[in-house]
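# Commentary on secondary and tertiary structure
Chain by chain, the residues:
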Amino acid sequence: MLWLMRLSSFFTAALLTVVLSPSLQSFPPAEAIRSSHFDGYLRFPGQIAVPDPRARHFAFRRAPFFRNAGDCVARSEPGNSTVCDPSLVHIAITLDEEYLRGSIAAVHSIIQHSSCPESVFFHFLVSDTGLESLVRSVFPQLRFNVYFFDPNRVRGLISTSVRQALEQPLNYARNYLADLLEPCVRRVIYLDSDLVVVDDVAKLWRYDLGGRTVGAPEYCHANFTKYFTKRFWSDRRLSGTFAGRNPCYFNTGVMVMDLDQWRRGGFTRRIEYWMEVQKAGGGSDRIYELGSLPPFLLVFAGRVAPIEHRWNQHGLGGDNVKGSCRDLHPGPVSLLHWSGSGKPWVRLSSGRPCPLDALWAPYDLYGPALRPR
């Protein structure tokens, strides 16, 4: 029966891919110039140093080439475009070895579905500068800069969370984008590494934030109180921070950020303040449980420019305890987000994917290396 269940799961995933793929893409595809074969293979850096002779060596394949359509504003060659070009769409993503496979797939999905892929500029936040050459080899035409984020900047502010992955310093790099990126970058889309974009990212870029600092899909039906402890809600000096606001949950893995507003408002320091309050509380007096999300909620909830839910179909990774499979939320889809404990590349590699993982797989550029004969 086990083999029958697995076979059924794969058929379900395949059917979802066939049925959903046409509906996910609501725009004409970008003009694509594809290489005739995947001619660039790269070793995965985390595997090189493993002394275990049983360890398998994998590689990232070189991405196909995608070029701007004729009506795109920026038509200069990648090397001739500076980060201050006003026609560029700016996207920030973290890069680390544990989530590198997801980050590469996210970038691949963005340029594949963009009508102006060469007009997208990526800002990669790293704690390991050795990943830059790998990215450049996978995406030879990609416009990007790499920014080193010092883990010591936040290490003393991070509290324990429900999952160890949420305690990694690089998760907090989004708080410092206004400091790390060039001053001429006035707006940026921040994206997590466990998602794929299946629509033209320029549509998200063009959202009017109405003077707000952050724009994101809001979920006002969610139980907002659960993101903070009883101690927080029982202390009027703490819970009073939401006075006069209508706070709703929003996922910080997909945000449009006005960096000019952020810099003027000193929002990095405001977030750090709440992290300090949490750290000072210790175990019994902590005010929240979920890593980097609650400080964002404390500062911005009720003050977020609402973006359509299609731009963050989140929770596909499953819950934080069992990692169970999830279904799509009703409505159109522009971005699929595997937030939660389960990641599609881990489940695919283990041979136990969830049905929706089949929607992530086409953007995966990770595979067995070619061995010399």
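Definitions and cut-offs
Residues numbered from 1 in each chain as written. Predicted model: local features only at pLDDT ≥ 70, side-chain atom pairs only at ≥ 80, totals over all residues. Heavy atoms only, no water. UniProt positions renumbered as here; feature names shortened; annotations may be inferred. Helix = DSSP H or I, 4+ residues; strand = E, 2+ residues; numbered from the N terminus. Buried < 20%, exposed > 50% of the residue type's maximum accessible area, 1.4 Å probe, protein only. Contact = heavy atoms within 4.5 Å. Areas by Shrake-Rupley, 256 points an atom, 1.4 Å probe, with all protein chains shown as cover. pLDDT = per-residue confidence, 0-100. Phe/Tyr/Trp six-rings, centres within 6.5 Å; stacked < 30°, edge-to-face > 60°. Disulfide = S-S within 2.5 Å. Salt bridge = Lys/Arg side-chain N within 4 Å of Asp/Glu carboxyl O. Core = buried A, V, L, I, M, F, W, Y, C linked by side-chain atoms within 4.5 Å.

As annotated in an unreviewed UniProt entry, the protein chain carries the name Hexosyltransferase and comes from Rhynchospora pubera. Per its UniProt entry, the protein chain bears the Sequence similarities (unreviewed entry) comment "Belongs to the glycosyltransferase 8 family." The record held by UniProt for the protein chain lists under Pathway (unreviewed entry) the comment "Glycan metabolism; pectin biosynthesis."

This part is about the overall build of the protein chain. From N to C terminus, the protein chain includes 13 helices and 16 strands. Counting the 373 residues in the protein chain, one finds 53% classified as buried. Put simply, 74% of the contacts in the protein chain that link residues at least 6 apart link residues at least 24 apart. When the accessible surface of the protein chain is summed, it comes to about 17,600 Å², and 54% of that surface belongs to carbon and sulfur atoms.

Do not read the predicted coordinates in detail wherever pLDDT is low. Model confidence for the protein chain is summarised by a mean pLDDT of 82, while 77% of its residues fall at 70 or above. Note that residues 1-57 has pLDDT below 50 and, in this model, 91 contacts with residues that lie over four places away or in other chains. When the criterion is pLDDT under 50, residues 369-373 qualifies, and its contacts beyond four places in sequence or with other chains add up to five contacts.

Once that is clear, we can look at the environment of Ala280. For Ala280, the location among the structural elements is in helix α11 (residues 267-281). The class of Ala280 is exposed, set by a relative accessible area of 70%.

Each aromatic ring pair is specified by the distance between its two centres and by the angle formed by the two planes. The full count for this structure, using the stated rule, is 23 aromatic pairs. The interplanar angle of 55° and the centroid separation of 5.8 Å between the aromatic rings of Trp262 and Phe267 together place this pair among those described as tilted. Pair check on accessibility: Trp262 and Phe267 agree, each one buried. Counting every residue linked through ring pairs, the aromatic cluster contains Tyr219, Phe224, Tyr227, Phe228, Phe232, Trp233, Phe242 and Tyr249.

On to the state of the cysteines. Using the criterion set out here, one finds four disulfides in the structure. Note on cysteine connectivity: Cys72 is disulfide-linked to Cys116, with sulfurs 2.0 Å apart. Its S-S torsion of about -95° marks the bond between Cys72 and Cys116 as left-handed, since a negative value means left-handed. With Cys72 in the loop between β4 (65-66) and β5 (89-95) and Cys116 in the loop between α3 (100-113) and β6 (120-126), the pair connects residues that are 44 residues apart, well separated along the chain. In this model, Cys325 is linked to Cys354 through a disulfide, with the two sulfur atoms separated by 1.9 Å. Between Cys325 and Cys354, the S-S torsion sits near -85°, and that sign places the bridge as left-handed. Taken together, the positions of Cys325 in the loop between β14 (305-306) and β15 (335-337) and Cys354 in the loop between α13 (344-350) and β16 (366-368) put the pair 29 residues apart, joining distant regions of the chain. Described in terms of the sequence order of its bonded cysteines, the disulfide pattern of the protein chain is 1-3, 2-4, 5-6, 7-8.

Mapping Ser292 onto the fold places it in the loop between α11 and α12 (293-300). Look at Ser292 and you get buried, because its relative accessible area is 11%. Those residues within four positions of Ser292 in sequence are excluded, and the remaining contacts are Asn171, Tyr172 and Arg174.

Opposite charge on two side chains allows them to pair when their charged atoms are near. Per the counting criterion, the structure on display carries 14 salt bridges. Of the charged contacts, one joins Arg174 and Asp192 as a salt bridge, the two residues approaching to 3.7 Å between their closest N and O atoms. Here Asp192 lies in the loop between β8 (187-191) and β9 (195-197) and Arg174 lies in the loop between α5 (152-155) and α6 (177-180), a separation of 18 residues in the sequence. Considered together, Arg174 and Asp192 belong to a single accessibility category, that of buried residues. The residue Arg263 makes a salt bridge to Asp260 at a minimum N-O spacing of 3.6 Å. A residue pair is termed a helical-turn pair when its members lie 3 or 4 positions apart in one helix, as Arg263 and Asp260 do in helix α10 (residues 259-265) at three residues. On the accessibility criterion, Arg263 (28% relative accessible area) is partly exposed.

Ranked by internal contacts, the top residues of the largest apolar core, which has 51 residues, are Leu177, Leu181, Phe228, Trp262 and Phe300. In terms of residue count, the dominant contributor to this core is α12 (six residues). Aside from chain neighbours lying at most four places away, what touches Phe228 is Trp233, Phe242, Ile287, Tyr288, Pro294, Leu297 and Leu298. Membership of the second largest hydrophobic core comes to 41 residues, among which are Ile93, Val120, Leu142 and Tyr207.

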